[in-house]
Amino acid sequence: MHRIKLKINGKGFEHEVDSRLLLIHYLREKARLTGTHVGCDTGNCGACTIIFNGKAVKSCMILAVQANGAELTTIEGIAQNGFHPIQESFMDKFAVQCGYCTPGMIMSAHALLLENPDPNETEIREAIEGNLCMCTGYQQIVEAISHAAKKIGRSEKK
Amino acid sequence: MYPNRFEYFAPTSLQEALSLLSIYQDEAKLLAGGQSLLSLMKLRLANPKYLIDLGHIADLNYIRQNGDKIAIGAMTTYAQIKDSELLRKDCPLLVKTASVVGDVQVRNRGTIGGSLSHADPAADMPAAVLASGAELKAVHLNGERWIKAEEFFVTTFTTALAPNEILTEIRAPTLAGHKTIYLKAAPRPTDFAIVGIAACLRLGPNNRCEGIAMGVTGASDKAYRPQALEKALQGEKLDFYTIREAAARVTEGIEVNENIHASSGFRSHLAQVYTARAIQTAMNS
Ligand SMILES: Cc1cc2nc3c(=O)[nH]c(=O)nc-3n(C[C@H](O)[C@H](O)[C@H](O)COP(=O)(O)OP(=O)(O)OC[C@H]3O[C@@H](n4cnc5c(N)ncnc54)[C@H](O)[C@@H]3O)c2cc1C
Ligand code: FES
Ligand code: FES
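Residues numbered from 1 in each chain as written. Chains lettered and ligands numbered in written order. Predicted model: local features only at pLDDT ≥ 70, side-chain atom pairs only at ≥ 80, totals over all residues. Heavy atoms only, no water.

A. Molecular detail of the interface of chain B and chain A. Each side of the interface is counted separately: chain B has 30 residues, and chain A has 29 residues. Summed over both partners, the interface of chain B with chain A comes to about 2400 Å²; 51% of that surface belongs to carbon and sulfur atoms. The largest share of the area that chain B buries against chain A comes from Y8, Q105 and R109 of chain B, three residues that together contribute 27% of it. Seen at the junction of chain B and chain A, the total is four salt bridges. A salt bridge links R5 of chain B to D18 of chain A; the shortest N-O distance between them is 2.9 Å. Taken together, the connections running from chain B to chain A amount to 12 residue pairs in polar contact (both at pLDDT 80 or more). If you list the elements that add at least two residues to the side of chain B that touches chain A, you get α2 (37-42), β3 (50-53) and α6 (104-109) of chain B. (Contact = heavy atoms within 4.5 Å. Buried area = accessible area lost by both parts, 1.4 Å probe. Salt bridge = Lys/Arg side-chain N within 4 Å of Asp/Glu carboxyl O. Polar contact = N/O pair within 3.5 Å; in protein donor to acceptor, adjacent residues only side chain to side chain. Helix = DSSP H or I, 4+ residues; strand = E, 2+ residues; numbered from the N terminus.)

B. Structural view of the sheet that holds strand β12 (residues 195-203) of chain B. Residues and elements named next belong to chain B. Strands sit in the order β11-β12-β13 across an open sheet of three strands; the sheet is antiparallel. A single partner strand is all that each edge strand has here, and the edge strands are β11 (179-185) and β13 (209-217). Strand after strand, the sheet turns through a mean of 10° between neighbouring axes, direction not considered. One ladder, built from eight bridges, connects β12 with β13; its direction is antiparallel. Across the sheet, the residue bridging to L201 is I212, located in β13. Set on the sheet, helix α12 (residues 264-283) makes contact with β11, β12 and β13; between it and β11 the angle comes to about 150°. (Pairing = 2+ DSSP bridges. Axes fitted to C-alpha atoms, helices over the stretch in contact; angles between N-to-C directions.)

C. Focus on the packing of helix α11 (residues 240-247) of chain B against α12 of chain B. All names here are of chain B. Contact geometry for α11 and α12: axes closest at 8 Å, N-to-C directions at 140°. Crossing of α11 against α12: the hand is right-handed. Residues F240, I243 and A247 of α11 lie in contact with α12, whose contacting residues are Q272, T275, A276, I279, Q280 and M283. Looking at the contact of α11 with α12 residue by residue, the class counts come to six nonpolar, three polar and no charged. (Left-handed = near helix turned anticlockwise from the far one by under 90°. Nonpolar A, V, L, I, M, F, W, Y, C, P; charged D, E, K, R; others polar.)

D. How the structure looks around the pattern of salt bridges. Counted under the stated rule, the structure contains 21 salt bridges over all chains. Of the charged contacts in the structure, one is a salt bridge between E27 of chain B and K49 of chain B, with a shortest N-O distance of 3.1 Å. In this pair, E27 of chain B is assigned in the loop between α1 (14-24) and β2 (28-31) and K49 of chain B in the loop between α2 and β3, connecting sequence segments 22 residues apart. Residue classification places E27 of chain B among the partly exposed residues on the basis of a relative accessible area of 37%. K49 of chain B sits in the partly exposed class, given a relative accessible area of 48%. When salt bridges that share partners are traced, they join R3, E14 and E16 of chain A into one network. (Buried < 20%, exposed > 50% of the residue type's maximum accessible area, 1.4 Å probe, protein only.)

E. View of unusual backbone geometry. Although it is not a glycine, N9 of chain A adopts a positive phi angle of roughly 50°. Following the sequence through the fold, N9 of chain A ends up in the loop between β1 (2-8) and β2 (11-17). Accessibility expressed as a relative area gives 27% for N9 of chain A, which makes it partly exposed. Backbone geometry places N206 of chain B, a non-glycine residue, at a positive phi of 60°. Within the secondary structure layout, N206 of chain B lies in the loop between β12 and β13. In this structure N206 of chain B comes out as exposed when scored by relative accessible area, which is 64%.

F. Expanded view of the side chain of D120 of chain B. Residue and element names in this part refer to chain B. Examined against the element boundaries, D120 turns out to sit in the loop between α7 (112-118) and α8 (125-131). No salt bridge is formed by the buried D120; its nearest oppositely charged neighbour, R267, is found at 9.7 Å. Once residues within four sequence positions are removed from consideration, D120 is found in contact with F157 and F192. (Lys, Arg positive; Asp, Glu negative; His and termini not counted.)

G. Representation of the domain arrangement of chain B in the model. Residue and element names in this part refer to chain B. What the domain assignment lists for chain B is domain 1 (7-56), domain 2 (58-173) and domain 3 (179-283). Relative placement of domain 1 and domain 2: their C-alpha centres are 18 Å apart. At the interface, 18 residues of domain 1 touch 17 residues of domain 2. Both sides together, the interface formed by domain 1 and domain 2 hides about 1400 Å², and carbon and sulfur atoms give 73% of it. Its largest share of buried area at the contact with domain 2, domain 1 owes to L14, L18 and Q35, together 35% of the area lost on that side. The tally of links from domain 1 across to domain 2 stands at zero salt bridges. A total of seven residues in the side of domain 1 that touches domain 2 trace back to one element, the largest contributor, which is α1. Residue composition of the side of domain 1 that touches domain 2, by class: eight nonpolar, nine polar and one charged. (Domains from an automatic or database assignment.)

H. Spotlight on the site of ligand 1. Taken together, 34 residues lie near ligand 1, and L30, G34, L37, Y78 and T111 of chain B sit nearest. At ligand 1, the nearby residues belong to more than one chain, namely chains A and B. S36 of chain B places a polar side-chain atom, nitrogen or oxygen, 2.9 Å from an oxygen atom of ligand 1. At 3.4 Å from an oxygen atom of ligand 1 is found a main-chain nitrogen or oxygen belonging to S115 of chain B. (Near = heavy atom within 4 Å.)

I. Local environment of the packing of aromatic side chains. Per the stated rule, a full pass over the model turns up five aromatic pairs over all chains. For the ring pair F240 of chain B and Y241 of chain B, a centre distance of 5.1 Å and an interplane angle of 85° mean the geometry is edge-to-face. For F240 of chain B, a relative accessible area of 43% puts it in the partly exposed group. Among the residues examined, Y241 of chain B registers a relative accessible area of 57% and is labelled exposed. In this structure an aromatic cluster arises from ring pairing among F9, Y24 and Y50 of chain B. In this structure, R64 of chain B packs its charged tip against the face of Y62 of chain B, placed 3.8 Å from the ring centre. In this structure, R109 of chain B packs its charged tip against the face of F52 of chain A, placed 4.9 Å from the ring centre. (Phe/Tyr/Trp six-rings, centres within 6.5 Å; stacked < 30°, edge-to-face > 60°. Lys NZ or Arg CZ within 6 Å of the ring centre and 35° of its normal.)

Written out as structure tokens, the structure is:
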């Protein structure tokens, strides 16, 4: 067992964990943050995407012990009050159907907009290359991210 | 899915990691970005008893100029290579290659050292280090040695590294003035290569080929330099027919892979087409 200390969504967490526990299962079962989804568990689908020290990563491809000392952001942590503009845009642009991929998609979009506030369509498509969606056909998701970028840009200008 | 039980170590210095490795030898595995190893452990294809995480050793993550070479720490991620101004200027082949590995999340975790040490026969980075003429530094408790990229890849998942060695640095010559490209044929952009071709050319007047080094991945049990092809083009004027004729030799002497993505005949054909295309694209770059 290992004692890990980390920050999730700005809050401190400390737990004893088994070395083989994956970060995704730590988040869901120990930290009780169940917004992050488990899709494939093999690193292919991106449903488990979170932000790890500022970078989008697949939390099923990291051990919980590797997150000792790290700062994470999960889907629960992006909205300040109400919904985050990316979440609103996903609703406005019908970018959600079954919703399984949505937390991961939103985290990939969030990581993109943190680095590149005004992405073009190619950049948006590249940013979600690691996220699979079985429902939407991606078009609405791309539109939602583009819409969110404009929305965030407008609110920052005000 | 979760791995078998193992004991986890997070050394903060290379010395400490080397000591652990020399104690546990074959029962230990090094953990870099985990983007290959954790998959294998979850599938229980790899079952190390001891896992030595290199992620807390600060001086394995750097990109810096070293005379006429560029030194890259083994724990440098694909994303860091992709975004490096120094590499973009002096060794763009590595930047171009890192940019097409997997997806954003994989590039944020996966490391150059992990990719080379893993020696997946379809991985992208091995082709680029072969074509750029890089040398790799292997360190053990009592010393170190430099291994040429050509001598590093032995066969599928097997390199020249001994069980007590850690790959710590990749040193690539600056290739300013060279024409370089990496082209990959894959089922989808984020997939492993069916074939991947890295090319590095130095052109004289009238497109005479004054220097050529290529790296081929995906075609066989390991990434390799196609020597017959390089010889055929060295010193020649590179025009369409010369390139096409020479490209036919890219798999000469090689046993070409066969799997669900491509038969060996189709894969050889693809290798030839991508070789010719890579050389032409590099020339026009
Ligand atoms: C969804 C997905 C898509 C991918 N797509 C591609 C792709 O298109 N192209 C591609 O090339 N790869 C792809 N990969 C694999 C990826 O590039 C891996 O990151 C890489 O192969 C291994 O690097 P790592 O740092 O993650 O190493 P790890 O997985 O941590 O380690 C791999 C192996 O190398 C050993 N090792 C690591 N570092 C060292 C060292 N410094 N010295 C000695 N031994 C060491 C480990 O013990 C282990 O055996 C993909 C992976 C995923 C999950
Ligand atoms: S659950 Fe992590 S990538 Fe699918
Ligand atoms: S909305 Fe169903 S998988 Fe994307």
